[in-house]
Amino acid sequence: MSAAVLGRDSLPEAWETGPYWQLTPECLMVRDELAAADPDAAGFFARAAQGLLHAPDLRELEARELTLLGRERGLVTRALGGLGALPVDERKRRGRSLNVLKRALGELAAQRRATLEAEGEVRDALDVTLPGLEPWVGHAHVLAQVRDELLDLFHGLGYSQYASPEVEWDAWNFGKLNFPPDHPARDAHDTYFVTPQGGVAATEPLVMRTHTSPGWVRAMEELEPPLRLVFPGRVYRAEQVDASHMDQFHQMDGLFVAERVSMADLKATLNLFARRLVSRDVRTRLIPIYFPFVEPGCQLDVACAACGGRGALADGARCPVCKGSGWSELLGAGMVHPNVFRAVGYDPERVTGFAFGIGLERTAMARLGISEIRLFLENDVRFLEQF
Amino acid sequence: MKLPVSWLSEWVDVSADAPAIADALTRRGFYVEGIETLGAEYPGVVVARVLEVARHPNADRLSLCQVDSGAGAPLSVVCGAPNVRPGMIAALATVGAKLPDGTVIRRSRIRGEESQGMLCSARELALSDAHEGILDLEAFVDGGARPLPAIGAPIQPLMPAPDQVLEIEVPFNRPDGLGIVGLAREVKAALNGAWTAAARARLSAGWSAGGARFPVTLEDDEGCPYYLAQAIERVTIGPSPRWLQDRLALVGQRSINAIVDLTNYLLHELGQPLHAFDLARLEGGEVRVRRAREGERLVTLDGRERALTREVLVIADRARPVALAGIMGGADSEVTESTTALLLECAWFEPRRVRRGAKALGLSTEASKRFERGVDPAIGPRAVARFVELLLALQPGARVAAAGAAGAMPVASPTITLRRARIERLTGLALDSATAAAHLRALEFDVASGAVETLDVRVPSFRRDVALEDDLVEEVARAHGYDAIPEAPLETLGAHATRTRRELVLASARRAMLARGVTEAWTTTLVSEREAHAVAALLGDAPESLVRLANPMSRESEVLRPNPVPGLLRAVAHNLKQGVRGVRLFEVGAGFTWGADESNAPRLPQETPMLAAVATGPLWAHAHDPAHGAEELDFFAAKGLWQAWLEEMRVDTPEWRSYAAPGWKPGASAEVVAATSRIAWAGVLAPPLLRAWDIEVPVQLFVALLEPFLTATETRPAVRLPARFPPVRRDLAFFVPQAVTHRQVERTLVAAAGERLASIELFDVYHGPQSPPGMKSLAYGIAFQHSERTLTEPEVQTIQDRMVAAVAREWSGHLREQR
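None of the values given here were measured: they were computed from a predicted structure.

K.L.:
Can you tell me about the overall build of chain B, naming the residues and giving the values?
P.N.:
Looking only at helices and strands, chain B features 22 helices and 40 strands. Scaling as 2.2 N^0.38, a compact globule of 819 residues should have a C-alpha radius of gyration of about 28 Å, whereas chain B reaches 42 Å, well beyond that. Projected onto its principal axes, the C-alpha coordinates of chain B cover approximately 130 × 85 × 60 Å. Considering chain B as a whole, with its 819 residues, one finds that 42% of them fall into the buried category.

K.L.:
Explain the overall build of chain A to me, using residue names and the numbers behind them.
P.N.:
Of regular secondary structure, chain A possesses 13 helices and ten strands. Over its C-alpha atoms chain A spans a radius of gyration of 44 Å, topping by over 25% the 21 Å that the globule rule assigns to 387 residues. Taking the principal axes of the C-alpha coordinates as reference, chain A spans close to 125 × 55 × 45 Å. Taking the contacts inside chain A whose residues are at least 6 apart along the sequence as the reference set, 67% of them involve residues at least 24 apart.

K.L.:
Provide a residue-level description of the interface of chain B and chain A, including the pertinent values.
P.N.:
Residue-level contacts link 85 residues of chain B with 73 residues of chain A. Per element, the largest residue contribution to the side of chain B that touches chain A is six residues, and it comes from helix α13 (residues 469-480) of chain B. A breakdown of the residues in the side of chain B that touches chain A according to their chemical character gives 38 nonpolar, 23 polar and 24 charged.

K.L.:
Let's hear about the sheet that holds strand β10 (residues 352-359) of chain A: which residues, and what values?
P.N.:
Residue and element names in this part refer to chain A. Reading across the sheet, the seven strands line up as β1-β5-β6-β10-β9-β8-β7 and stay open at both edges, with mixed pairing between neighbours. Two strands in the sheet have a free side with no partner beyond their single neighbour: β1 (160-161) and β7 (284-288). Pairing geometry for β7 and strand β8 (residues 294-303), over five bridges, is antiparallel. Pairing of Leu-286 across the sheet is with Leu-300, part of β8.

K.L.:
Now, about the environment of Glu-65 of chain A: what can you tell me, with residues and values included?
P.N.:
Residues and elements named next belong to chain A. One can find Glu-65 in helix α3 (residues 58-69). Since 22 C-beta atoms lie within 10 Å of it, Glu-65 is described here as buried. Remark: the alpha-carbon pair of Glu-65 and Gly-357, spanning 292 residues in sequence, is separated by 83 Å.

K.L.:
Please give an account of the sheet that holds strand β29 (residues 547-548) of chain B that cites residues and values.
P.N.:
All names here are of chain B. Taken together, three strands build an open sheet; the order of strands is β28-β30-β29 and the sheet is antiparallel. Only two strands of the sheet have a single partner each, and these edge strands are β28 (526-527) and β29. In this sheet, strand β30 (residues 559-560) lies alongside β29 in antiparallel orientation, the contact comprising two bridges. Bridge pairing in β30 places Arg-548 opposite Val-559.

K.L.:
Now, about helix α18 (residues 635-648) of chain B: what can you tell me, with residues and values included?
P.N.:
Residues separated by three or four positions in an α-helix point in the same direction, a consequence of the helix having 3.6 residues per turn. Residues and elements named next belong to chain B. Helix length check: α18, at 14 residues, gives a terminal C-alpha distance of 20 Å against a target of 20 Å (1.5 Å per residue), a fit within 8%. Of the surrounding elements, those touching the buried residues of α18 are α14 (501-514), β32 (606-616), β34 (664-674), β35 (677-685) and β36 (700-705). Immediately downstream of α18, the backbone of Arg-650 shows phi near 60 degrees, a positive value.

K.L.:
How would you summarise the pairing of strand β6 (residues 248-258) of chain A if you had to cite specific residues and measurements?
P.N.:
Residue and element names in this part refer to chain A. Within β6, nine of the eleven residues are buried, which leaves it mostly tucked inside the rest of the structure. Sheet topology places strand β5 (residues 227-236) next to β6; ten bridges connect them, and they run antiparallel. Looking across to β6, one finds that Leu-227 is bridged to Val-257. The pairing of β6 with β10 spans eight bridges and is classified as antiparallel. Within the sheet, the bridge partner assigned to Ala-258 lies in β10 and is Thr-352.

K.L.:
Go over unusual backbone geometry, please, and point to the residues and values.
P.N.:
The omega torsion of the bond from Pro-225 of chain A to Pro-226 of chain A falls at 0 degrees, within 30 degrees of zero and hence cis. Pro-296 of chain A follows Glu-295 of chain A through a cis peptide bond whose omega is -5 degrees. Tracing the backbone shows Pro-296 of chain A in strand β8. Notably, Thr-653 of chain B is not glycine yet its phi reads approximately 40 degrees, a positive angle. Along the chain, the position of Thr-653 of chain B falls in the loop between α18 and β33 (655-658).

K.L.:
Please set out the environment of Glu-531 of chain B residue by residue, giving values where relevant.
P.N.:
All names here are of chain B. Within the secondary structure, Glu-531 is located in helix α15 (residues 529-538). Of the residues examined, Glu-531 has 23 C-beta atoms within 10 Å and is grouped as buried. In the structure, Glu-531 is positioned 39 residues away from Arg-570 in sequence and 9.9 Å away in space, judged by C-alpha atoms.

K.L.:
I'd like a description of the confidence of the model for chain B, backed by residues and values.
P.N.:
Residues and elements named next belong to chain B. Per-chain confidence: chain B averages 91 in pLDDT, with 97% of residues scoring 70 or above. Across chain B, element-level confidence peaks in strand β27 (residues 519-520) with a mean pLDDT of 98 and bottoms out in helix α17 (residues 626-629) with 64. In the predicted complex, the global pTM is 0.82; the interface-specific ipTM is 0.84.

K.L.:
Lay out the packing of helix α11 (residues 420-427) of chain B against α13 of chain B in plain terms, naming residues and giving numbers.
P.N.:
Residue and element names in this part refer to chain B. Relative orientation of the contacting elements α11 and α13 amounts to 75 degrees, with a least axis distance of 10 Å. As the angle between them shows, α11 and α13 are arranged roughly perpendicular. Counted together, Arg-422, Ile-423, Leu-426 and Thr-427 of α11 and Glu-469, Asp-470, Val-473, Val-476 and Ala-477 of α13 form the full contact between these two elements. Each residue belonging to the contact of α11 with α13 can be placed in one class, and the counts come to five nonpolar, one polar and three charged.

K.L.:
Residues and numbers for helix α2 (residues 18-27) of chain B, please.
P.N.:
Every buried residue of α2 of chain B is listed here: Ile-21, Ala-22, Leu-25, Thr-26 and Arg-27 of chain B. Lining the buried residues of α2 of chain B we find β7 of chain A together with α1 (5-11), β3 (31-38), β11 (163-169) and α4 (180-190) of chain B. Just downstream of α2 of chain B, Gly-29 of chain B is the residue with a positive phi angle, here 100 degrees.

K.L.:
Can you tell me about the pairing of β11 of chain B, naming the residues and giving the values?
P.N.:
Put simply, side chains in a regular strand alternate between the two faces of the sheet. All names here are of chain B. Pairing between strand β1 (residues 2-4) and β11: three bridges, direction antiparallel. Bridged to Pro-4 within β11 is Val-165. Sheet topology places β3 next to β11; seven bridges connect them, and they run antiparallel. Considered in β11, the bridge of Ile-35 is made with Leu-166.

Analysis parameters
Residues numbered from 1 in each chain as written. Chains lettered and ligands numbered in written order. Predicted model: local features only at pLDDT ≥ 70, side-chain atom pairs only at ≥ 80, totals over all residues. Helix = DSSP H or I, 4+ residues; strand = E, 2+ residues; numbered from the N terminus. Rg over C-alpha atoms; globule rule 2.2 N^0.38 Å. Buried ≥ 20, exposed ≤ 12 C-beta atoms within 10 Å, placed from the backbone. Contact = placed C-beta atoms within 7 Å. Nonpolar A, V, L, I, M, F, W, Y, C, P; charged D, E, K, R; others polar. Pairing = 2+ DSSP bridges. Expected span 1.5 Å × (residues − 1). pLDDT = per-residue confidence, 0-100. Axes fitted to C-alpha atoms, helices over the stretch in contact; angles between N-to-C directions. Parallel < 35°, antiparallel > 145°, perpendicular 65-115°, else oblique.

Following this line, the structure appears as structure tokens:
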């Protein structure tokens, strides 16, 4: 077969969908180079180049590329294969131009492929703003988060956790904590009593623990000092439920007993807690308060968050949160009462200790700025999923 | 307790304003919850006389009055009060006057008639809420007992003086703070004040049972060790004077009559409850203090008839109980308008006795509150003397008559040794003895002088709360101020926290469920009987094992949950009701049951740590693609979650078995057994159970016992190195009889395959037209592997043949196809 087959007419006219001047300068240079040596090849190239550059899609581009440069049946390939039959000079001349042709068409095809691929990507682009196929996400309960944060803090200070039962003997909940029977301070603990098994009256009443402090008694009965313990857990009061009262809520008591522990250590610990919980520069005050199981007893107040401790709002009105006092109550604490030490068999002359009690709900409410305590046990997922 | 500053300053001289007093009290342990400001200014409001009252021409309910304001011609005033009448002396707000609420009075026209001022009601003068009519000034000033100022004079002097009232939270151990005198003592010490002359006189007033003897018998001298009685004759029972009514109003006490008001006045002032009997109603003219007898009844002052028990201490006359000692008087012997002679009771009742009686009767009063906490036993004679003094001032015609005293003043004033070193050890305050002594003396403790390292301190009668050295430490510390306590450096050197196994297990149980996309709930412990029954049955717990409250507040909260399921179902119902489509919640918490125990020893219920999880709704939290969006969570999707949880909890080869119990959907529940014990249940809840919570959609439930994890010893299985030689894979499908389970076939295959088995996975279950009758197809993807070389085809074929033969032998199954 003759190499002269290669000419403009070797290719379908339909490939020329645009005028010559749509060819790139590089193409025109190739064409001119070819025209000088081999006018037929130049005509072939012009149509082939147009055919590639204007191939409408990837499939057509591939077909045209195959027509031109296919490994077996491609026109250019075949022409190159036919060179051997030509005289030496002719072979050299045509071989050079065919190689120019082949390389130039290869480049054009690659160029057109890149363009078409890029266009295709744009056309098939995903709307990445569509939502994903979302798996469920679990949220830890907000009180669990507060508790775990407190546990972290106190673990860091060397306090281990101690668990004690929620249904407790009266003596552990009250008596050993220096609430003698018929003591008026029991009035502050509206108590749920539990019917003993089989309804048989036990010598000792069963109660739902009204605070986590019975844990101290159990811990001290079991362990020898020194002790650093925290007692997180649920407590119960027989109270009517409203926005600020639940009959079930959560506390975390802490206890530190050693040979020489004083209120100075307590103050440092509580202030650290307040600084960590509220803010680094929070103002605090320690004031006396009565709990039967501590002596001396105290309460830690922090500057009211609503009014900044001034007691009045910006417009001069009395602060509704702290009722003008400038302070809000954070927790109760004190030095373990000697009667409590005696009840567990510790010698109050040998050891001293402090204890504190933190309300998880109170802490969470102060931090979240909410005033509705019932939210915590209602388990509305729209609430829980915010944390 | 309310502390009016005016009343306080009658007792103690201090130069401090109310906020400073409040701050001092708070810092001493008497938390001041608020300060109420009373009294007002009345510029332009004058005393006026109503001259004429005529019907308003254009309004039926209004009157047109001519009022003498003391200045020039009578004023014309429109008034809407029904009680306005000619000759009435009233408060007139003249044009330009300013009322306490800020209203400024202007000349106005009301329905066409000019009004040149306003006649004021008690509410408009901020005296009370009374708004039914205008204030009658003559009645207001003691029915004319006090002279009225001239017409036209400002009303200011007639009005209560401006005052401030501190609202104080008195600690349970400080009954002395339930009297003005006790609070005054604290303020005096805190602010370096001094008793006023009047206070000194009242505190040293003496009283003795002189003259004729009134018979008093203490039959229960434990319940009542000390009783004073004073008869007073020729008394009249009428309203109290204004000042007394005002005082009582300040502390929130309603005025009743002059005699009762005086007893209440002294209750608030001295903290000593008093009671006045109508002497004529005491049969036999005597009192006996004794326990009530079974079956005795008494109608108390509040008009209620009360059945008495042996727990209740009563005051009786010769025939019957006439009062509940320390709690409330009887209706039959109270002073009335016809009373002419009274018997004043001033006693010291034993705190626990009063408390038991009050509890038994379900009655708590201002008196019982004070007796329960302990009244100052030494104040009695002073209280009687002050009552007599005040009564004679009000009614000069009254005459002191017979008196009686029984028992002895139960004053125990212990002497306690206080070591200076103890103060420092407990509080960190390094005080010298002189400072400590000064603080105690300011609080009227008697301190022997001279000692350096120890102080001998005698406790005054009104401080029954101080019994131990540490109590004195607190006295010194709070007097010195907690602010002065230093902040010690935190000693954490060498402190190390141990995390208990329990803590770690509970934490990982929570973490592993959170990782499954289930949100943590904290639900109620207290549930209804019906709920408790339903969820106990799920786990096979009998109703007898339920733990119940003896004094529930409501039917919804009377049983302790046997597991956390009721609260979770409440939460599901709540969320569905709020329009939430999918709910996945879990809780780690205790279930409460009475465990089986043969011994009858008293014991606590079992608190079993559990994890319970519920799930309902779509498989995905969100899916916009309809191919996924329609899928709902079913048994197997849920089982996948629970399996993953078990795997994360390192449960080795959990065995799922079908399980049936009331409340589960039949055929759709399982128990999970690991090692030898059951550790969990899972399945679909039955619609009848769900309907009890108003839930109409299917709910998946999983309950795991956490106890086995607490006791299990951590065994670390030998590490298997990943094999380096490629596995050979085979897919085998068997036809087996319908009743044969996957687990049975799988076990046979595993046993037959032997050690070259790398993995086996069920990938298809089929029964339908392609399967022989009564048979189903189970298809397994199986991989074989040798750890040291590549398995050969004949080796694999041998193993496979063994497996096929085993299924044929044990389950009458046969190979369906081989791919």
